[in-house]
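# Tertiary structure, described
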Protein chains: 2
Amino acid sequence: MVISPALQAYQTRIEAVLERVLPSVEILPQRLHTAMRYSVLNGGKRMRPLLVYATGETLGLAPEILDFPAAAIELIHVYSLIHDDLPAMDDDDLRRGKPSCHCAYDEATAILAGDALQALAFQLLTQADEPISAQQRLRMIQQLSIASGSRGMVGGQAIDLAAVGQALTELELEQMHIHKTGALIRSSVLLAAYAAPALVERQLIQLDHYAKCLGLAFQVQDDILDIESDTQTLGKTRGADAAAGKPTYPSVMGMSAAKRKLDELYLEAVAALEGLNAPLLLEIAEFTVKRVR
Amino acid sequence: MVISPALQAYQTRIEAVLERVLPSVEILPQRLHTAMRYSVLNGGKRMRPLLVYATGETLGLAPEILDFPAAAIELIHVYSLIHDDLPAMDDDDLRRGKPSCHCAYDEATAILAGDALQALAFQLLTQADEPISAQQRLRMIQQLSIASGSRGMVGGQAIDLAAVGQALTELELEQMHIHKTGALIRSSVLLAAYAAPALVERQLIQLDHYAKCLGLAFQVQDDILDIESDTQTLGKTRGADAAAGKPTYPSVMGMSAAKRKLDELYLEAVAALEGLNAPLLLEIAEFTVKRVR
């Protein structure tokens, strides 16, 4: 599925921003900085930054004020992937079709690269450009720190590890993913919303509901692809979740029910945007359910 | 060496603050939260929080406005210890006389506990109490994110790992420690200074110089203790640095020169405080060079 020129332009934009905010490989410690750049500048879909910009467009925000928030979210996402891939965690050698960070470098460097990317993410949010006020920046930092912490993304990963080999209910599975992937996807939309000078409460509720549906839809599709796609297309090891004994939507509710759930979440995400001028958010929702990797 | 009732009161204070800000073990994911509390509430010296409060006292600040900054720095410090102890890093089974986090729990939980503590540290700084302004809080977050990132603490750890088995000069060793331990000790003083409503530039320079000397003195003494103390007193494995082939001040410059350097740094730290009313900062400097663990 090909994305629109508007989203492609934002992809190009965030690549340039990431390139700019990451420490140069000339700066010491070089191996650490090289590893950070290797993992970040590695051709991701940039779904979270796209969500930041697309939400900003819906609210009439100029993209330049969202560059640092968009980059911050992506850095948090990449750090979580680096740590998730470690031998003590999911032990995955492949990420985006290339050796994962600890394979390309070493485990210690991968741990430290993740740690440094998290710190850099928060640093960037302190530097978000005017006209975002200090108060707005603090609200963003608070949102992202909660969403990425023990009651958000990291907590979701802990639940995920504990769930290996367990028989979860659909509700338990949903709780896990609301934390593990949902929290950061929701953050992407909320950070852009918090940057708006005069945010209408009703719009915030709509956007937040969209983001929650999108986050779950993303995970359901991820689980489906883990079974129906192949390693080369995915750029990560196909069937890794099933092989690791991880509960997935298809394993918990069956493949056809999982696909029905995906459709329902998509429709709910679209419905949440009613009355908003949000063509790019609609496109991201469509892309999420139709993507093949 | 016994510390004064004033510093003891701050130790008691920070223990209560840390106890309060850490997620309860009742909250999911329980194992993760239990591990976070295990590592943080583990009887550390709390040198960094003490520095925050002592700097605040010098500048006439009430301790309650420094509770969250003090806790934030300690959480960053503890997360770095958890990750440093991992098998892929320093591979140390003992921390503060008890099994390190990955031994008491498991590697994955230790990685995630560290990650979550870092996020919580930044979250706390967004919530620092009035009368600290939003602008001041942002400056604190920026300072701590830079000091703990790839050009600060994490960068120092990367340099440290790369230095194993290498013959460093005294200058290279100093560069490593300025990053690895110095950056966070400096942060402790700077965060308190940034909380002051009307900071005099000259005072900031004095305090910063004190902090730089103290950070290095701390590391020199650490290296000396690694050789001259014993495992039980240290609460961590004695001789671990030497056994790992890590360059230390005694190994690079000899034990008597290392002890002379320690004295010089102590005197320079004390001199930096001239004209300031800073009895607790003086005591921390004295404690740093005379401590036995």
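The rules behind the values
Per chain, residue numbering runs from 1 following the sequence as it is written. A letter from A marks each chain and a number from 1 marks each ligand, given out in the order of writing. The predicted nature of this model means local features are confined to residues of pLDDT at least 70 and side-chain atom pairs, given and counted, to a pLDDT of 80 or more, with totals for whole chains, interfaces and linings taken over all residues. Only hydrogens and water are set aside; all other atoms, that is, all heavy atoms of the structure, feed into the side-chain values. Salt bridges are defined by distance alone: a side-chain nitrogen of Lys or Arg within 4 Å of a carboxyl oxygen of Asp or Glu. Strands here are runs of E lasting at least two residues and helices are runs of H or I lasting at least four, both read from the DSSP assignment and numbered beginning at the N terminus. Categorising residues by exposure relies on relative accessible area from a 1.4 Å probe, with only protein chains included: less than 20% of the type maximum marks a residue as buried, more than 50% marks it as exposed, and the intermediate range marks it as partly exposed. Superposing the copies works by least squares over the C-alpha atoms of residues that have pLDDT at least 70 in both of them. Note on definitions: a residue-residue contact is assigned when non-hydrogen atoms from the two residues lie within 4.5 Å. In this description, a nonpolar core means a group of buried Ala, Val, Leu, Ile, Met, Phe, Trp, Tyr and Cys residues linked to one another through side-chain atoms lying within 4.5 Å.

### What about the pattern of salt bridges?
Residue and element names in this part refer to chain B. Applying the stated criterion across every chain yields a total of 36 salt bridges over all chains. The partner of Arg 96 in a salt bridge is Glu 74, and the shortest N-O contact between them spans 3.8 Å. Remark: Glu 74 occurs in helix 4 (residues 67–84) and Arg 96 occurs in the loop between strand 1 (94–95) and strand 2 (98–99); sequence separation between them is 22 residues. For Arg 96, a relative accessible area of 22% translates into the label partly exposed. With a relative accessible area of 1%, Glu 74 lands in the buried category. When the shortest N-O distance is used, the salt bridge between Asp 208 and Arg 186 registers 2.5 Å. Within this pair, whereas Asp 208 is found in helix 10 (residues 201–228), its partner Arg 186 is found in helix 9 (residues 170–195), the two being separated by 22 residues in sequence.

### Here we look at the relation of the copies chain B and chain A
Laying chain B over chain A is done by rotating through 180 degrees and shifting 0.0 Å along the axis; what remains is an RMSD of 0.0 Å. Both copies of the chain, as the preceding transformation shows, are related through a two-fold rotation axis. Residue Ala 134 of chain B, judged by its C-alpha, is the member of chain B lying nearest the rotation axis, at 2.8 Å. With an isologous cut-off of 70% or more, the 100% of interface residues of chain B that recur at the interface of chain A puts this contact in the isologous class.

### Remarks on the nonpolar core
In this structure, Tyr 210 of chain A together with Tyr 210 of chain B are the most contacted members of the largest nonpolar core, which totals 171 residues. Ignoring anything within four residues of it in the chain, the contact list for Tyr 210 of chain B reads Leu 51, Val 189, Ala 269, Ala 272, Leu 273, Leu 281, Ile 284 and Ala 285 of chain B.

### What to know about the environment of Arg 46 of chain A
Residue and element names in this part refer to chain A. With respect to the helices and strands, the residue Arg 46 is situated in the loop between helix 2 (30–40) and helix 3 (47–58). Put simply, Arg 46 and Ile 14 are 32 residues apart on the chain and 7.8 Å apart in space, counted from C-alpha to C-alpha. Contacts of Arg 46, omitting those with residues within four sequence positions, involve Ile 14, Glu 15, Leu 18, Val 40, Leu 41, Glu 74 and Arg 96.

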